[in-house]
Amino acid sequence: MGAAPSTPRLGAAGAPPSPSAAEQMFAALVGEKAYPISSEFWKQLLELPLTLQWPRDRVLQACHAFAENNYQTKHLAKILIHLVWCLQECTSTTSVSSVVYRRAINAAYISSIFLKFIIENTKTDSWQELCLDIDRSEKGLENFPAENSVEYFLMRGVLDYIGSVDVSPESCYLHHELLNLMLVLMSTQLCSGPSPEPKDVHPFIDAAMLQDTSIVASVVQKLLLNFVTRPKIPLNASHPVFSDDGRPGVLQRVGSAAANFVLLPYYTFNYLVSSTPEGATSQLADNSLLVLLIMIHYRKCISTNESIPINNVYTMDSNTNDKDAPVFHDNPYCKALNSAKDIQYDRADVEGNAQDGPVIRLSFASLFDALGRCLNDESSVLLLYSLVHGNCDFQEYVLVRTDLDTLLMPILEMLYNASRKTSNQIYMLLIILLILSQDSTFNASVHKLVLPAIPWYHERLMHQTSLGSLMVVILIQTIKYNLSKLRDVYLHTNCLAILANMAPHVHRLSAYASQRLVSLFDMLSRKYAKLAELKNDKSLKVISDQMEADNIADDMSTELHIYTDFLRIVLEIINAILTYALPRNPEVVYAVLHRQEVFEPFKNHPRFNELLENIYTVLDFFNSRMDMQQLDGEWSVDKVLEVINKTCRSWRGEGMKMFTQLRFTYEQESHPEEFFIPYAWRLVLSRGFSFNPSAINLFPVEVHLEDAPAGEQKV
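Residues numbered from 1 in each chain as written. Predicted model: local features only at pLDDT ≥ 70, side-chain atom pairs only at ≥ 80, totals over all residues. Heavy atoms only, no water.

1. Some details on the overall build of the chain
Phase 1 of the analysis: Helix and strand content of the chain: 26 helices and 8 strands.
Phase 2 of the analysis: Expressed as a percentage of the 715 residues in the chain, the buried residues total 54%.
Phase 3 of the analysis: In the chain, the proportion of contacts linking residues at least 24 apart, taken out of those at least 6 apart, comes to 74%. (Helix = DSSP H or I, 4+ residues; strand = E, 2+ residues; numbered from the N terminus. Buried < 20%, exposed > 50% of the residue type's maximum accessible area, 1.4 Å probe, protein only. Contact = heavy atoms within 4.5 Å.)

2. Digging into the pattern of salt bridges
Phase 1 of the analysis: Within the structure shown, the criterion is met by 23 salt bridges.
Phase 2 of the analysis: When the shortest N-O distance is used, the salt bridge between Arg103 and Glu47 registers 2.8 Å. Here the residue Arg103 occupies a position in helix α5 (residues 98-120), and Glu47 occupies one in the loop between α2 (40-46) and β1 (54-55), the gap between them amounting to 56 residues.
Phase 3 of the analysis: A salt bridge links Arg230 to Asp286; the shortest N-O distance between them is 3.1 Å. Taken together, the positions of Arg230 in the loop between α9 (213-229) and β2 (261-262) and Asp286 in helix α10 (residues 277-296) put the pair 56 residues apart, joining distant regions of the chain.
Phase 4 of the analysis: Salt bridges linked by common partners bring Lys43, Glu47, Glu89 and Arg103 together as one network. (Salt bridge = Lys/Arg side-chain N within 4 Å of Asp/Glu carboxyl O.)

3. Some words on the nonpolar core
One recurring pattern in soluble globular proteins: nonpolar side chains tend to sit buried together.
Phase 1 of the analysis: Formed by 240 residues in total, the largest nonpolar core has its most connected members in Leu115, Met182, Tyr333, Leu408, Phe599, Phe622 and Trp681.
Phase 2 of the analysis: It is α5 that contributes the most residues to this core, 14 residues altogether.
Phase 3 of the analysis: In this view, Tyr333 contacts Leu159, Ala208, Met209, Gln211, Val216, Val219, Val220, Met295 and Ile296; residues no more than four positions away in its chain are not counted. (Core = buried A, V, L, I, M, F, W, Y, C linked by side-chain atoms within 4.5 Å.)

4. Here we look at the side chain of Glu138
Phase 1 of the analysis: Mapped onto the elements, Glu138 comes out in the loop between α5 and α6 (150-164).
Phase 2 of the analysis: For the buried Glu138, no salt bridge exists, and the shortest N-O distance to an oppositely charged side chain is 4.1 Å, to Lys78.
Phase 3 of the analysis: Polar side-chain contacts of Glu138 include one of 2.6 Å to the backbone nitrogen of Ile37.
Phase 4 of the analysis: The contact partners of Glu138, leaving out residues within four places of it in the chain, are Pro36, Ile37 and Lys78. (Lys, Arg positive; Asp, Glu negative; His and termini not counted. Polar contact = N/O pair within 3.5 Å; in protein donor to acceptor, adjacent residues only side chain to side chain.)

5. So, the packing of α6 against helix α7 (residues 172-186)
Packed helices, taken two at a time, are described by the angle their axes make and the gap between the axes.
Phase 1 of the analysis: Running from amino to carboxyl end, α6 crosses α7 at an angle of 140 degrees, the nearest separation of the two axes being 10 Å. Relative to α7, the element α6 is oriented oblique. Relative to α7, α6 is oriented so that their crossing is left-handed. Contact with α6, carried on its side by Leu154, Met155, Val158, Leu159, Tyr161 and Ile162, involves Leu174, His175, Leu178, Leu179, Met182 and Leu185 of α7 and no other residues of that element.
Phase 2 of the analysis: Of the residues assigned to the contact of α6 with α7, the class counts are 11 nonpolar, 1 polar and no charged. (Axes fitted to C-alpha atoms, helices over the stretch in contact; angles between N-to-C directions. Parallel < 35°, antiparallel > 145°, perpendicular 65-115°, else oblique. Left-handed = near helix turned anticlockwise from the far one by under 90°. Nonpolar A, V, L, I, M, F, W, Y, C, P; charged D, E, K, R; others polar.)

6. Quick word on the packing of helix α13 (residues 364-374) against helix α15 (residues 392-400)
Phase 1 of the analysis: Following both chains from N to C, one finds α13 and α15 inclined at 70 degrees, their axes separated by 11 Å at the closest point. As judged from the angle between their axes, α13 and α15 are roughly perpendicular. The segment α13 lies against α15, with Phe364, Ala365, Leu367, Phe368 and Leu371 engaging Asp393, Phe394, Tyr397 and Val398.
Phase 2 of the analysis: Looking at the contact of α13 with α15, its residues break down into 8 nonpolar, no polar and 1 charged.

7. A word on helix α17 (residues 423-437)
Phase 1 of the analysis: The terminal C-alpha atoms of α17 lie 21 Å apart, and with 15 residues this matches the ideal 21 Å at 1.5 Å per residue to within 8%.
Phase 2 of the analysis: Judged by how many residues are buried, α17 sits mostly within the fold: 14 of 15 residues are covered. (Expected span 1.5 Å × (residues − 1).)

8. Remarks on the confidence of the model for the chain
Phase 1 of the analysis: When pLDDT is averaged along the chain, the result is 84; 80% of the residues meet or exceed 70.
Phase 2 of the analysis: Within the model, pLDDT remains below 50 along residues 315-323, and this stretch shows 11 contacts once partners closer than five positions in the same chain are excluded.
Phase 3 of the analysis: This model gives residues 705-715 a pLDDT under 50, and the stretch forms 28 contacts once residues within four places in sequence are excluded. (pLDDT = per-residue confidence, 0-100.)

9. Observations regarding the packing of aromatic side chains
Phase 1 of the analysis: This model, assessed by the stated rule, comprises 26 aromatic pairs.
Phase 2 of the analysis: Relative to Phe602, the ring of Phe521 lies with its centre 5.6 Å away and its plane at 75 degrees, an arrangement referred to as edge-to-face. Here Phe521 is found in helix α21 (residues 511-535), whereas its partner Phe602 is found in the loop between α23 (586-594) and α24 (609-627), with 81 residues between them in sequence.
Phase 3 of the analysis: Using a relative accessible area of 0% as the deciding quantity, one classes Phe521 as buried. (Phe/Tyr/Trp six-rings, centres within 6.5 Å; stacked < 30°, edge-to-face > 60°.)

10. Here's the deal with the side chain of Asn494
Phase 1 of the analysis: Counting through the fold element by element, Asn494 comes out in helix α20 (residues 489-502).
Phase 2 of the analysis: Ignoring any residue separated from it by four or fewer positions in sequence, one finds Asn494 in contact with Leu430, Ile431 and Leu434.

11. What about the environment of Thr579?
Phase 1 of the analysis: Within the secondary structure, Thr579 sits in helix α22 (residues 546-580).
Phase 2 of the analysis: Along the sequence, Thr579 and Phe659 sit 80 residues apart, while their C-alpha atoms lie 8.9 Å from each other.
Phase 3 of the analysis: Ignoring sequence-local partners within four residues, the contact set of Thr579 consists of Asn614, Met656 and Met658.
Phase 4 of the analysis: At a separation of 2.7 Å, a polar atom in the side chain of Thr579 contacts the main-chain carbonyl oxygen of Asn575.

12. Things to note about unusual backbone geometry
Phase 1 of the analysis: For Trp127, which is not glycine, the phi torsion reads 60 degrees and is therefore positive.
Phase 2 of the analysis: Of note, Trp127 is situated in the loop between α5 and α6.
Phase 3 of the analysis: Positive phi, close to 45 degrees, is recorded for Arg230, a residue that is not glycine.

13. Overview of the environment of Tyr152
Phase 1 of the analysis: Of note, Tyr152 is situated in helix α6.
Phase 2 of the analysis: As a C-alpha pair, Tyr152 and Ala208 span 56 residues in sequence and 7.1 Å in three-dimensional space.

14. Quick notes on the environment of Trp42
Phase 1 of the analysis: Locating Trp42 in the fold gives a position in helix α2.
Phase 2 of the analysis: Residue Trp42 is classed as buried on the basis of its relative accessible area of 0%.
Phase 3 of the analysis: For the pair Trp42 and His75, spaced 33 residues apart in the sequence, the C-alpha separation amounts to 9.9 Å.
Phase 4 of the analysis: Excluding its chain neighbours within four sequence positions, the residues that come into contact with Trp42 are Leu29, Tyr35, Pro36, Ile37, His75, Lys78, Ile79 and His82.

Structure representation (structure tokens):
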């Protein structure tokens, strides 16, 4: 009497547990009695085949009971410690038994269920409901590192396994469960506001940020390799994911909200294990990418008087003032990604520069090809952005590739279908193009690469069109779409910035792209004229509310100023082509000659007259040459182009004023975390990660009540 609670009995040794015995084990796990960490209970629980099926309401009852009793039992901390011990056992030998794998998988799976429930329903900012502070004097914890918190010990064990153990047919299920668990552990971010603050506490991802650089580097490298190699999960393997008769058991993913009975469904991803090779091979790679994106974009906010982590814990001075300007700890995962090197050529080593700590080395060629194949997925777009923005070596590698269409064609196709993309995805695609267009070699290369056909472009057939011409067409189409639908100034500016960077390097721009460029000026000029007319409309003056009239006038003045800037940039683009690349672009000359009347209204405009002087110098030169031609019959397009081509050879640029070339560069906002942390988590949710909408404070969410089972809502 008074001793530790006895372990529920599972029956005869070697016999499979009966459903009633398994029920007993789970009842004990969520019950009031605390089982010591050294109890045989944990071994028996984690070796269960888990083929029970419970209705959802019963699972929720179990979660409620577990969360309530965890204050006394500390079962969550104990199962997490057992998970690490299982992982250590998996890495300590080259031959791992299926029983050890089963224990580790079950520990990861079961803990993720209850962790997710507690995170979604927590009432405190410090996550006291997790109850991770256990009695270190308890039997079985003699060798637990005294300086480690449970969360640090857990993250070290999980990350060490992910980074050090290759994905194989035997280990792939465990890798999969650990990646799912990682998303659950890091989901505390969903409960915080969009702007990180010093008071924010995220126990698990904060602990991940404190790991040794060797573990950090190995994890980032393995997650990238998973994305590149897309390892397959064998569907016919004998594994605890399946029950003995081969049917999905407790670990099945529920793909339908109408499913009546499932085992522990209150879980992370709602999907069925696919019977197709595509579905089977992508999940582990996709989850690896999601975990990587969450980790590299996380920022730990501290106040200026917060101390550096001691004993693996962030501490704050007792005199902390909330008004102190927040600063951010360096993110070691972001740093590791940004310093990754090409395994084929390591420039830093060649130059004899010493590397600061472990450096990731992988094949940039394989990474480049994998990105090209996967760019239709929004997560891959964010990875490409992260690489070209943060990793100078990878950006340089991309710029010297001769097959730029591998990356650019998927990007341009997605921009072509902008109406079916999110605004964030359009931003990312344009920023990637802007970063690449900062390089003159890139701008020259895209015009040398000729595409035989563009099957997804339906407005007209384009054969033997340069990649550069296609870029111009798609960017102008994006501007027109934005003008009619999104009306986003930032998007407009990015499109025009890319075109401006490309302009001096344009080579043999196609007739269609040239026409589109002049039509863009015409469209913006008509919008400008309409705004100017409205601004001067006397009807504004008869509005009874003078304040309202003033506000309308101010709004129109602002919009008119914006369109004035847009028009000037388009004129700068045309001017740059005519100034630096006219002999190579007869189709641009033809388009300007053909639509020369669109420039007339702005000839005396103070913002445009200098640029238009150059355009009219070109017009006068070519018009005079056309007038000198002795022509029998009417002018045809071919005859005009023939004269233009001949005249281009005699063009010397006399009378042209030289302006400083426009050159736009991309710079992140001062607080990029306010965009990227919510964006990365939106991607996670879009891939099937379910989370209680009422618990999400990171961004606004829509709650869909239809089709949601009782007791659970879907985002």
